[in-house]
Amino acid sequence: MKKSANTEVLDHIHALMHGLRRHLQEGMREVGEGLGPMEARCLGYFMRNDGATQSDLVQHAGRDKAQIARIVKALHERGLLQSCRDPDDGRSQRVSVTAEGQALQRKMQQLRVRFEKAMVAGLSDAERSTLLALLERVEGNVANG
């Protein structure tokens, strides 16, 4: 039975997503010091959102509050995150990444950049622009239901 063009598009997107995940997991085993995928995402979130709260991450990630609390606690215990009391709301803690966490995040970012380069190798600037525009349209279609 022949696949439809739509099925083939979905299959390719699925393969790319799993390729990225596999590449990052292999790299994290190499340099990630035992960091799990969700821990890596959490660390990345606080790198991009210095001073955010756990509640901010829960909202962003759409994950369970207790799961995020366990991950943040584990990253604190490993010395990758630190917290301080929110001056505007004493009940909240503002989270930031330690120097050690920043160094680890930079290593993981280098892995991602290597994958990005390999993924688009051989594409011209025009082809990359076209691909990006098409992917943005597809993403918009998905977001709009």
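Structure first, text after, so check above.
Worth saying up front: this structure is predicted, and the values here are computed from it rather than measured.

A short note on the side chain of T98
- Relative to the assigned elements, T98 resides in the loop between β2 (93–97) and α5 (99–119).
- For T98, a relative accessible area of 12% translates into the label buried.
- A polar contact of 2.5 Å, which involves the side chain of T98, links it to the backbone oxygen of G79.
- Other than its neighbours up to four places away in sequence, T98 contacts G79, L80, L81 and Q82.

Observations regarding the side chain of T53
- Mapped onto the secondary structure, T53 falls in the loop between α2 (37–48) and α3 (54–61).
- Excluding residues within four positions of it along the chain, T53 makes contact with F46, S92, Q93 and R94.

Let's talk about the state of the cysteines
- The full count for this structure, using the stated rule, is zero disulfides.
- C84 provides the cysteine sulfur closest to C42, a residue in no disulfide bond, and the two sulfurs are 16 Å apart.
- Since its relative accessible area comes to 1%, C42 is described here as buried.
- Look at C84 and you get partly exposed, because its relative accessible area is 45%.

So, the nonpolar core
- In terms of nonpolar packing, the biggest core is built from 21 residues, with L35, C42, L43, F46, L75, L81 and M108 touching the most fellow members.
- Elements with a minimum of two residues in this core: α2, α3, α4 (65–77), β2 and α5.

Some details on the packing of α2 against α4
- Running from amino to carboxyl end, α2 crosses α4 at an angle of 80 degrees, the nearest separation of the two axes being 10 Å. Taken together, the axes of α2 and α4 are roughly perpendicular relative to one another. Across from M38, E39, C42, L43 and F46 in α2, the residues of α4 making contact are Q67, I68, I71, V72, A74 and L75.
- A per-class count over the contact of α2 with α4 returns nine nonpolar, one polar and one charged.

Reading the values: the criteria
- Residues numbered from 1 in each chain as written.
- Predicted model: local features only at pLDDT ≥ 70, side-chain atom pairs only at ≥ 80, totals over all residues.
- Heavy atoms only, no water.
- Helix = DSSP H or I, 4+ residues; strand = E, 2+ residues; numbered from the N terminus.
- Buried < 20%, exposed > 50% of the residue type's maximum accessible area, 1.4 Å probe, protein only.
- Polar contact = N/O pair within 3.5 Å; in protein donor to acceptor, adjacent residues only side chain to side chain.
- Contact = heavy atoms within 4.5 Å.
- Disulfide = S-S within 2.5 Å.
- Core = buried A, V, L, I, M, F, W, Y, C linked by side-chain atoms within 4.5 Å.
- Axes fitted to C-alpha atoms, helices over the stretch in contact; angles between N-to-C directions.
- Parallel < 35°, antiparallel > 145°, perpendicular 65-115°, else oblique.
- Nonpolar A, V, L, I, M, F, W, Y, C, P; charged D, E, K, R; others polar.

No statement about biological role is implied by the geometric values presented.
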